[in-house]
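Secondary and tertiary structure notes
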Amino acid sequence: MSVESFAANIGFDGAGLDLIEEGGQRTKVRNGFSYYSGEPASKTPSQVSTGSRRRFVILNGQPGPNQWEVLYIASNFSSSQADMVRGIIDSVEPTSGGGDPPQVVVTTRVSPIDGGSITGGGTVDQDSEVTLAAIANPGFRFVGWVGGNVQSPSSPETTLSANTDVSVTATFIRQWELTLSSMVGGSTQGGGIYDDGSVVPVMATPADGYRFDRWSGIGVRDPSAEITDIAIGEDQMVSARFVKVWELSVNAGTGGLVEGSGTYDDATVVMISATASEGFRFSEWSGGGVADADSATTALTLSADSIVTASFVAVSTLVVSAEMGGTATGGGEFDVGAVVPIMAVPDVGYRFAGWTGNGVMDRDAPLTEASVIAETTVMASFVKVWG
């Protein structure tokens, strides 16, 4: 209630009475001129010339149970007049007479300016409960309230008690969308809506028969790692690439070792090798895709899961020798079980007499065959002839 509204309810008939709010400007209520027109109420009657003095009353203008209490009555009232004025003023209820209640201003702001809007606030009755609602613009989210001693600082809708003028700010943060995609062969995790400046962990998971190759897109910390993170500063699209892989099993039969087994990308040309153990030799490769099945070191191009096997054959030495009187040929290293031709040639003045040793097919024939079973030694014998 203003002092004018209050004075209108007093009904005091004394001529030329001024009612004044403490600390405010003079307020003329009745006919006559204002006592100190435009001068502060702190100025006392003794500070004003006698000719301009006028009867006045100073009131407590502060809201509360003691509002409009008489603080001072000018000395140019008689005692009876002062009692009458005080009685009239004290008889009036502070809230009576249809005046307006005291009001305060709830000022609302948003930060950043394009982050959203607020409903509520403005000029409200003092001590009223004010409801505020923060509404984020597209691409932003509400963070919290700052100032004003709001009831729920982290809730978009909250209340505050408007005891005095107050300023309240709703803070918002920009958000961005991270879109993750994957080519054939796997899946990704980590996409979504994130605050500006967030560092988001992401993961690529290859399907069976595939391997992760790399990430492509903006902000990826380690493009070659299946698990990495992405710095968010705008709407971003990041994709994971996977590669089809095949399993190559390189096996060895008895008698040797092999190299080349592993997992390889589709269409990779893989080198494989076979090494025979002592007493064996490489024989051949069996299985699809081998470039040269008869070569101990060769290649194959992978287009499917593959199994190749190296075969080895046991070998042994056939020793062919001759006694004095001739020569013998046919010795060497041969597969175990092989039948090898051998030949004996007598010198001039000698004749072939026969073979000794195991495995000879025809011991009396200078040209025959020998079976290689293990380490085998055969010898040709010759006899001196006279004639």
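So, about the nonpolar core. Counting 18 residues, the largest nonpolar core has Trp145 and Leu160 as its most contacted members. The element that contributes the greatest number of residues to this core is strand β11 (residues 166–182), accounting for four residues. Not counting residues within four places of it along the chain, the set of residues in contact with Leu160 comprises Val106, Ser128, Glu129, Val130, Leu132, Gly148, Asn149, Val150, Val166 and Val168.

Time to look at the pattern of salt bridges. Scanning all chains against the criterion turns up seven salt bridges. With a shortest N-O distance of 2.7 Å, Arg211 and Asp265 are connected by a salt bridge. Taken together, the residues Arg211 in strand β15 (residues 210–216) and Asp265 in strand β19 (residues 262–265) connect sequence positions 54 residues apart. On the basis of relative accessible area, Asp265 is assigned to the partly exposed category, the value being 23%. Across the salt bridge formed by Asp335 and Arg281, the nearest N and O atoms sit 2.6 Å from each other. Taken as a pair, Asp335 in strand β25 (residues 332–335) and Arg281 in strand β21 (residues 280–286) lie far apart in primary sequence, 54 residues in all. With relative accessibility at 23%, the residue Asp335 sits in the partly exposed group.

One rule of thumb: low pLDDT means the predicted coordinates there are not for detailed reading. Per-residue pLDDT for the chain averages 84, and the proportion of residues at 70 or more is 76%. The element-level mean pLDDT for the chain is lowest in strand β2 (residues 26–28), coming to 40, with strand β13 (residues 192–195) highest at 98. Segment residues 11–16: pLDDT under 50, and 14 contacts once partners within four positions in sequence are set aside and those in other chains are kept. Across residues 21–53, where pLDDT falls below 50, the model places 72 contacts with residues more than four positions away in sequence or in other chains.

Time to look at the sheet that holds strand β10 (residues 157–162). The antiparallel open sheet is built from three strands, whose spatial order is β6-β8-β10. Each edge of the open sheet is held by one strand with a lone partner, namely β6 (116–119) and β10. Each neighbouring strand pair of the sheet contributes to a mean axis angle of 25 degrees, computed without reference to strand direction. As paired elements, β6 and strand β8 (residues 128–136) share four bridges and run antiparallel to each other. Bridging across to β8, Ile118 finds its partner in Ala134.

Parameters and conventions
- Residues numbered from 1 in each chain as written.
- Predicted model: local features only at pLDDT ≥ 70, side-chain atom pairs only at ≥ 80, totals over all residues.
- Heavy atoms only, no water.
- Core = buried A, V, L, I, M, F, W, Y, C linked by side-chain atoms within 4.5 Å.
- Buried < 20%, exposed > 50% of the residue type's maximum accessible area, 1.4 Å probe, protein only.
- Helix = DSSP H or I, 4+ residues; strand = E, 2+ residues; numbered from the N terminus.
- Contact = heavy atoms within 4.5 Å.
- Salt bridge = Lys/Arg side-chain N within 4 Å of Asp/Glu carboxyl O.
- pLDDT = per-residue confidence, 0-100.
- Pairing = 2+ DSSP bridges.
- Axes fitted to C-alpha atoms, helices over the stretch in contact; angles between N-to-C directions.

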